[in-house]
Amino acid sequence: MQHIKNYINGALVEPVSKTYLDNFDPSTGKVYSYIPDSDEKDVELAYVAAKNAFPAWSVTPKDKRSEYLLKIASLIEKNLDRLSLAESIDNGKPLKLAKTVDIPRAAANFHFYGTGILHYAAHSHSMENNAINYTLRQPVGVAGCISPWNLPLYLFSRKIAPALAAGCTVVAKPSEITPMTAYLLSELCIEAGLPAGVLNIVHGLGGKVGNAIVSHKDIPLISFTGGTITGKHIAAIAAPMFKKLSLELGGKNPNLIFADCDYEKMLSTTLLSSFANQGQICLCGSRIFVERKLYERFKTDFIARTKALVVGDPRDEKTKVGAIVSKSHFEKILNYIELAKTEGGKVLCGGNAVKMGGDFSNGYYIEPTIIESLPHDCRTNQEEIFGPVVTIMPFDTEEEVLDMANSTIYGLASVVWTQDLTRAHRIANNIHAGIVWINCWLLRDLRTPFGGVKASGVGREGGFEALDFFTEPKNVCIKL
Ligand code: NAD
């Protein structure tokens, strides 16, 4: 069985401890490879490599850095089939989704920042005849990047690409639950000729490897995507060390559906925003508010369309809902469905684990689930479930739905369905979310800021703001 390796100082290496963790294929529940169980010793080796590579990389001309990033982008494109299959096996997501969304978007991240850095400019400010100020943007140093399992290569590359483009060197940790595409990326970086030590990837547990990166005294910047509780823990360590921090955290995103919406478009998109990737996209809408006069029609059609979704083998073309990423997450989701029932929720469809046959009999499958009759402020409607479970609730007025939508501690994304443009803009202005999609979902323009408010995060990724994050502004004032 394959042993994944760390990528340190340009080479694929074993963990210092020589110990490994099991890596499961969630579609079968079986171990299919092994992950380095790295610790602070491996992080230190990675840090030293990144520190030694920094002086040369940070002054490597932008067009040369760009060439490396574009080469990595084209290698990802060339290896689309291999990477998509690896991500589907690691994560349980339908192969088709990995092939059409995750992996192409990972290539797009390298492409965007490989070209974006060529157009990245700093400012100068003239004080008439008195002085001129100009701002230098200098790479921060060794960046620590930590990412989750739900969109493994896409989110990993969204941190690494701007960091490398900006001239930082990197110590990165993918999720221990989905390490394979990060491992394959290290092979592609070697093929691209990326200089040794510029990017280092250390595999292993959050409490060991992640913690060692976050608490490392000489890593001045942490870019983290993951759960809100982990983010809180990281902030508690990093803030007193005055580290630069970007935290992309959990969500409990609302969909606001008004009766005047384009119904067919809304229905098919809502199906996706509820159950794509088994509901394990941080941007999925898990609380669906429907204007009362549309509620019954929506409910009937939404249930029928949800029941028609094929749950099963992620590699089968017909599959729309694959496996849940891990046994513990599978159990957590089922516990939330039980909680919803005790809170008075009525399960309209789904609600159960799916028992598959043959090779898949020990996989982690859950029926796409719709629940109604729950108050907006119960735990089911306030806490992040991160699975194929949505609640539907009727509303009467815009004011009422905004209050309910804004009632959680989170504020990542939101979706509004209406043909009334004035209302759409009014809601966009008043909703507590870093992202508002009007009559669409998951459309991404990499130039735009990305991130949440409240407990969904601090800082923004995306666009030139990510390059701002990985560089430090230094103002120079010249007296004339
Ligand atoms: P998680 O917080 O458990 O883990 C995320 C990463 O942090 C993993 O690599 C993990 O090993 C590491 N980690 C865990 N403990 C750590 C510690 N003590 N110190 C340092 N690192 C540590 O999250 P997850 O379960 O992998 O991902 C799901 C969560 O991520 C959900 O809450 C989801 O909403 C969120 N998410 C947010 C966004 C966003 O852009 N806001 C995107 C994707 C996922």
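Rules behind the numbers
- Position numbers for residues count from 1 along each chain, tracking the sequence in the order it is written.
- The model is predicted, so local features are restricted to residues of pLDDT at least 70 and side-chain atom pairs to those at 80 or more, both for listing and for counting; the totals for chains, interfaces and linings are taken over all residues.
- Computation of side-chain values covers all heavy atoms of the structure but excludes hydrogens and water.
- Secondary structure elements are defined from DSSP: runs of H or I of at least 4 residues count as helices, runs of E of at least 2 residues count as strands, and each element is numbered from the N terminus.
- We compute the radius of gyration over the C-alpha atoms and compare it with the globule rule, which gives 2.2 Å times the number of residues raised to the power 0.38.
- Whether two residues are in contact is decided by their heavy atoms: any pair within 4.5 Å suffices.
- The method behind every accessible area is Shrake-Rupley, applied with a 1.4 Å probe, and residues are considered shielded solely by the protein chains displayed.
- The charge count includes Lys and Arg as positive and Asp and Glu as negative, but it does not include His or the ends of the chains.
- All charge positions are set by atom: Lys at NZ, Arg at CZ, Asp at CG, Glu at CD.
- Between rings of Phe, Tyr and Trp, where Trp is taken as its six-membered ring, a pair exists when centres lie within 6.5 Å; planes separated by under 30 degrees are stacked, by over 60 edge-to-face, and by other angles tilted.
- With a 1.4 Å probe rolled over the protein chains alone, any residue whose accessible area is under 20% of its type maximum counts as buried; one over 50% counts as exposed, and the rest are partly exposed.
- The criterion for a charge sitting over a ring is simple: Lys NZ or Arg CZ within 6 Å of the ring centre, and within 35 degrees of the ring normal.
- Domain start and stop positions are those given by an automatic or database domain assignment.
- Put simply, buried area is how much 1.4 Å-probe accessible surface two parts lose in total, over both of them, once they are put together.
- Just to be clear on terms, a salt bridge is a Lys or Arg side-chain nitrogen sitting within 4 Å of an Asp or Glu carboxyl oxygen.
- Paired strands are those between which DSSP finds at least two bridges.
- With the strands aimed away from the viewer, a crossover counts as right-handed if its path from the first strand over the helix to the second runs clockwise.
- Residues are counted as near a molecule or strand when any one of their heavy atoms sits within 4 Å of it.
- Whenever a nitrogen or oxygen atom comes within 3.5 Å of another N or O atom, the pair is scored as a polar contact, on the condition that within protein one atom can donate a hydrogen and the other can accept it, and that pairs from neighbouring residues in sequence are kept only if both atoms are in side chains.
- A 1.4 Å probe that fits into a set of points on a 1 Å grid over the protein atoms alone but cannot get out defines a cavity; an open set with protein on both sides within 12 Å along at least five of seven lines defines a pocket, and lining residues are those with an atom within 4 Å of a point.
- Those molecules having more than half of their atoms within 2 Å of a cavity or pocket grid point set are described as sitting in that cavity or pocket.
- When the sulfur atoms of two cysteines come within 2.5 Å, that pair is taken as a disulfide.

Caption draft 1: Just the overall build of the chain, in detail. Counting secondary structure elements, the chain contains 15 helices and 21 strands. Relative to a compact globule of 480 residues, whose C-alpha radius of gyration would be 23 Å, the chain shows 23 Å and is just as compact. Seen through its principal axes, the chain has C-alpha atoms that stretch 70 × 65 × 40 Å. Taking contacts inside the chain between residues at least 6 apart in sequence as the whole, the part at least 24 apart equals 75%. For the chain, the computed accessible surface area is about 18800 Å², with 56% contributed by carbon and sulfur atoms. Averaging the locations of the 50 positively and 50 negatively charged side chains of the chain gives two centres separated by 2 Å.

Caption draft 2: Here's a closer look at the side chain of Thr 319. Mapping Thr 319 onto the fold places it in the loop between helix H10 (292-307) and helix H11 (327-342). The contact partners of Thr 319, leaving out residues within four places of it in the chain, are Pro 94, Val 310, Gly 312, Asp 313 and Pro 314.

Caption draft 3: Quick peek at the environment of Ala 235. With respect to the element layout, Ala 235 can be found in helix H8 (residues 228-238). With 223 residues separating them along the chain, Ala 235 and Val 458 place their C-alpha atoms 9.9 Å apart. In this view, Ala 235 contacts Pro 240, Leu 245 and Leu 247; residues no more than four positions away in its chain are not counted.

Caption draft 4: Seen up close, the packing of aromatic side chains. Here the structure, examined in full by the defined rule, presents nine aromatic pairs. With a centroid separation of 4.9 Å and an interplanar angle of 85°, the aromatic rings of Phe 112 and Tyr 113 are classed as edge-to-face. This pair shows no difference in class: Phe 112 is buried, exactly as Tyr 113 is. Among the aromatic residues, those joined into a ring-pair cluster are Phe 275, Phe 298 and Phe 302. Directly above the ring of Tyr 68 sits Lys 64, whose terminal nitrogen or CZ lies 5.2 Å from the centroid. Between Arg 158 and the ring centre of Tyr 154, over which it is positioned, the NZ or CZ distance is 5.8 Å.

Caption draft 5: Examining the domain arrangement of the chain more closely. When cut into domains, the chain gives domain 1 (2-249 + 456-479) and domain 2 (253-445). Between the C-alpha centres of domain 1 and domain 2 the distance comes to 30 Å. Contacts between the two partners involve 29 residues from domain 1 and, on the opposite side, 29 residues from domain 2. Taken over both partners, the interface formed by domain 1 and domain 2 buries close to 2300 Å², and the fraction arising from carbon and sulfur atoms is 54%. The interface formed by domain 1 and domain 2 includes one salt bridge. For the salt bridge of Asp 25 with Arg 315, the shortest nitrogen-to-oxygen distance reads 3.5 Å.

Caption draft 6: Seen up close, the sheet that holds strand E5 (residues 30-36). Read from one edge to the other, the open sheet built from three strands follows the order E1-E5-E4, with strand pairing classed as mixed. Each edge of the sheet is formed by a strand with only one pairing partner; in this case those strands are strand E1 (2-3) and strand E4 (20-25). The sheet contact formed by E1 and E5 spans two bridges and is parallel. Bridge pairing links His 3 to Tyr 34 in E5.

Caption draft 7: Representation of unusual backbone geometry within the structure. At Lys 18, a position not held by glycine, the phi torsion is positive, near 60°. In this fold, Lys 18 is placed in the loop between strand E3 (11-13) and E4. Phi at Asn 277 is positive, roughly 55°, even though this residue is not glycine. You can see Asn 277 is positioned in the loop between helix H9 (263-275) and strand E14 (285-291).

Caption draft 8: The pairing of E14, seen in detail. Most of E14 sits out of view: seven of its seven residues are buried. Running through H9, the crossover from strand E13 (residues 253-257) to the neighbouring parallel element E14 is right-handed.

Caption draft 9: Highlighting the site of the ligand. The local shell around the ligand holds 30 residues, among which Ser 147, Glu 176, Thr 230, Leu 249 and Glu 384 are the closest. Take Trp 149: an N or O atom from its side chain is 2.8 Å from an oxygen atom of the ligand. In this structure, an oxygen atom belonging to the ligand sits 3.3 Å away from a main-chain N or O atom of Gly 226. Put simply, the ligand lies in the largest pocket. Every element with two or more residues in the shell around the ligand is listed here: helix H5 (152-166), helix H7 (206-214), strand E11 (221-225) and H8. Two domains share the shell around the ligand, each providing at least three of its residues, namely domain 1 (2-249 + 456-479) and domain 2 (253-445).

Caption draft 10: Layout of the state of the cysteines. Summed over the entire model, instances satisfying the criterion amount to zero disulfides. Cysteine Cys 168 remains unbridged, with the sulfur of Cys 145 as its closest cysteine sulfur at 8.3 Å.

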